[in-house]
Amino acid sequence: MPKITVIIPTFNREKVLVRAIDSALSQSFTDFEIIVIDDGSTDNTPSSLKRFGNRIRYIYQKNAGVSAARNAGLESATGQWVAFLDSDDEWRPEYLSRQMERADGNSGLCMQTTDCSFIGLNGQTNSYFRMNASLPKFRGKDYLLFRKPFSFIVKHGPWPTGSTIIRREAIDKAGFFDPSLKLSEDFDLMARVALQGSFGMIREDLVKIYRRDEAIECLSNQAKGNPIQARKSDERIYEKLKNIEGLRRKERKAVNETMSANRRAIGNLLLQNGEIKQAMDCYRRGFVTYPSMRSLGKYLLVVAWHTIVTKANPYHWR
């Protein structure tokens, strides 16, 4: 039985998939298996993988989405830990060894992540921990450990699965990926896993995550093309999380606070589109979910603005 199962879902990415697999096979840590789940590719993916021989396990399935692909990998996994790698990203050679150095001997650890370089469409690189506002928590340290991480995970999402290892037992208890989610399915899983044990964070940048324009309708393109819909998808996840039985008061509060901020963000987007009444409703629901001066201020300001402008020109606003 290998220590780690590496799961790589892919769909029509033959040109970059090989690079991702090479980065996994180049690891200084070697006690792992690699499972590539082909989610119905119509390009030359099968042919491009022949060079790897029995160094990988290749599983083909009809197109069902990234969650279903990852779940298929989990069904076939035999490792104690699971490491997910997207087919267009890559690991630095010491990635798995650094993960295992910290994970070994920590029986309560259910999940651990490292910082990574997020490389945008313009080539600009940013720290993922800086992007999700978790970087200041280190305060000069190179490692953080959260014994009860659910609230932290929820308030600092999103998190990249490509720089995260998860104990297989924790996934079994939390449940697999939700195939009904088209966006933020990784955040949903990590939040649920966070209820199974402690969560470690390695400050070192050990992964490259790329975002690129593609012909295929990848998840990042969906979020970029329809940000309101993406935010509404996140809303569904928050509703799901806050209904988990056994949540502590602090954990439920974290979900409500984050949901409130998400509703304000939807309101801001609607406001930009001139959908004033819908924006007002989002600000109102944000305040009801988690009362704060920010939500109340947004709501009252837009109500006052709408009232004044409507009186001046009743046919101007939708």
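Reference entry: report on the structure contained in this document. (Residues numbered from 1 in each chain as written. Predicted model: local features only at pLDDT ≥ 70, side-chain atom pairs only at ≥ 80, totals over all residues. Heavy atoms only, no water.)

A few points about the pairing of strand 6 (residues 109-119)
And then number 1: Most of strand 6 is tucked away: 11 of the 11 residues are buried.
And then number 2: Summarising the sheet, strand 6 and strand 10 (residues 198-210) pair through 9 bridges and their orientation is parallel. Residue pairing in the sheet places Phe118 in a bridge with Ile209 of strand 10.
And then number 3: Two strands pair when backbone bridges link them, and strand 6 and strand 9 (residues 164-167) are joined in this way by 3 bridges, in the antiparallel orientation. By the bridge assignment, Met111 is partnered in strand 9 with Ile166.
And then number 4: Pairing of strand 6 with strand 7 (residues 125-127), which is carried by 3 bridges, proceeds in the antiparallel orientation. Residue Phe118 lies in a different strand from strand 7, and its bridge partner there is Asn126. (Buried < 20%, exposed > 50% of the residue type's maximum accessible area, 1.4 Å probe, protein only. Helix = DSSP H or I, 4+ residues; strand = E, 2+ residues; numbered from the N terminus. Pairing = 2+ DSSP bridges.)

Remarks on helix 3 (residues 66-76)
And then number 1: For helix 3, the complete set of buried residues consists of Ser67, Ala68, Ala69, Arg70, Asn71, Gly73 and Leu74.
And then number 2: For helix 3, the elements touching its buried residues are strand 1 (4-10), strand 2 (32-39), strand 3 (57-61), strand 4 (81-84), helix 7 (168-174) and helix 8 (185-193). (Contact = heavy atoms within 4.5 Å.)

Quick word on the nonpolar core
And then number 1: Counting residues in hydrophobic clusters, the biggest one holds 35 residues, and the most contacted among them are Phe84, Met111, Phe150, Trp159, Val193, Met201 and Leu241.
And then number 2: Of all the secondary-structure elements, those providing two or more residues to this core are strand 4, strand 6, helix 6 (150-155), helix 7, helix 8, strand 10, helix 10 (227-242) and helix 11 (249-272).
And then number 3: With 5 residues, helix 8 is the single largest residue contributor to this core.
And then number 4: In this view, Met111 contacts Trp81, Ile153, Thr164, Ile165, Ile166, Met190, Val193, Ala194, Ser198, Phe199 and Gly200; residues no more than four positions away in its chain are not counted.
And then number 5: The next biggest cluster of nonpolar side chains, apart from the first, holds 33 residues, and it includes Ile4, Ile21, Val36 and Val207. (Core = buried A, V, L, I, M, F, W, Y, C linked by side-chain atoms within 4.5 Å.)

That is the geometry; function is a separate question.
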